[in-house]
Amino acid sequence: MATVEDVRRLALALPRTEEHLVRDRVKFRIGRIVYLALSRDETVLGFAFPKEERAALVASEPEKFSLPRASDLRYHWAEARLASLAPDELAELVTEAWRMCVPASVARAHLGAA
């Protein structure tokens, strides 16, 4: 089971990440680009995710993943129930969301040439 502290620890370890409180919601961003956001009650994690892949993600585990609200469907975004994520799964989601938002050179420097 993943926690808010797990999200914070993982996100803040990534280069250029800043934590902000916006309208009573914790958000992690790079510059002005938000790549992770917690719901007000901190039970749902929104994360950057490719639009073309999110329907398959939700269909694969609908008890864990969901689409964002209708007004956010235009963005590269998906959501997950935080308590249903395993720590390794959370680490992958956080890292991949971050990777979508930083320059490729920054991601390569931090993660290696994978």
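Residues numbered from 1 in each chain as written. Predicted model: local features only at pLDDT ≥ 70, side-chain atom pairs only at ≥ 80, totals over all residues. Heavy atoms only, no water.

A.B. asks: Please explain the sheet that holds strand β2 (residues 25-30) as it appears in this structure.
C.D. replies: Hydrogen bonding along the main chain pairs the strands of a sheet, whether they run parallel or antiparallel. Across the sheet, six strands lie side by side as β1-β2-β3-β4-β6-β5; this open sheet has antiparallel pairing. Pairing within the sheet leaves two strands with one partner each, and these edge strands are β1 (17-22) and β5 (65-66). Strand direction decides the pairing type here: strand β4 (residues 44-48) and strand β6 (residues 77-81), joined by five bridges, are antiparallel. Of the residues in β6, the one forming a bridge with valine 44 is arginine 81. The strands that helix α1 (residues 4-12) touches are β1, β2, β3 (33-38) and β4; relative to β2, the one it contacts most, it runs at about 15°. (Pairing = 2+ DSSP bridges. Helix = DSSP H or I, 4+ residues; strand = E, 2+ residues; numbered from the N terminus. Contact = heavy atoms within 4.5 Å. Axes fitted to C-alpha atoms, helices over the stretch in contact; angles between N-to-C directions.)

A.B. asks: How should I be thinking about the pattern of salt bridges in this particular structure?
C.D. replies: A pair can form between side chains of opposite charge whenever their charged atoms are brought close. Throughout the structure, instances matching the rule amount to seven salt bridges. Arginine 9 serves as the salt-bridge partner of aspartate 6, at 3.6 Å between the closest nitrogen and oxygen. Of this pair, aspartate 6 and arginine 9 both sit in helix α1, three residues apart, roughly one helical turn. The exposure class of arginine 9 is exposed, given its relative accessible area of 52%. Of the charged contacts, one joins arginine 8 and glutamate 19 as a salt bridge, the two residues approaching to 2.7 Å between their closest N and O atoms. Of this pair, arginine 8 sits in helix α1 while glutamate 19 sits in strand β1, placing them 11 residues apart in sequence. Ionic contacts of the salt-bridge type, sharing partners, join the residues Glu5, Arg8 and Glu19 into one network. (Salt bridge = Lys/Arg side-chain N within 4 Å of Asp/Glu carboxyl O. Buried < 20%, exposed > 50% of the residue type's maximum accessible area, 1.4 Å probe, protein only.)

A.B. asks: Before we go on, may I ask you to explain the confidence of the model for the chain in this structure?
C.D. replies: Predicted coordinates in areas of low pLDDT are best not read in detail. For the chain, per-residue confidence averages 94 on the pLDDT scale, and residues scoring 70 or more make up 98% of the total. By mean pLDDT, the top-scoring element of the chain is β5 (98), and the lowest-scoring one is helix α4 (residues 104-111) (91). (pLDDT = per-residue confidence, 0-100.)

A.B. asks: Looking at this structure, I do not really get the nonpolar core. What am I missing?
C.D. replies: The nonpolar side chains of a soluble globular protein tend to be buried, and buried together. If you look at the biggest cluster of nonpolar residues, it comprises 34 residues, and the most contacted ones within it are Tyr35, Leu36, Phe47, Leu82 and Leu90. Within the residue set of this core, elements represented by two or more residues are α1, β2, β3, β4, α2 (51-60), β6, α3 (87-101) and α4. For this core, the element with the most residues is α3, which contributes six residues. (Core = buried A, V, L, I, M, F, W, Y, C linked by side-chain atoms within 4.5 Å.)

A.B. asks: Help me understand the environment of serine 84, please; the structure alone is not making it clear to me.
C.D. replies: Along the chain, serine 84 falls in the loop between β6 and α3. Accessibility expressed as a relative area gives 30% for serine 84, which makes it partly exposed. Aside from chain neighbours lying at most four places away, what touches serine 84 is Lys64 and Glu89.

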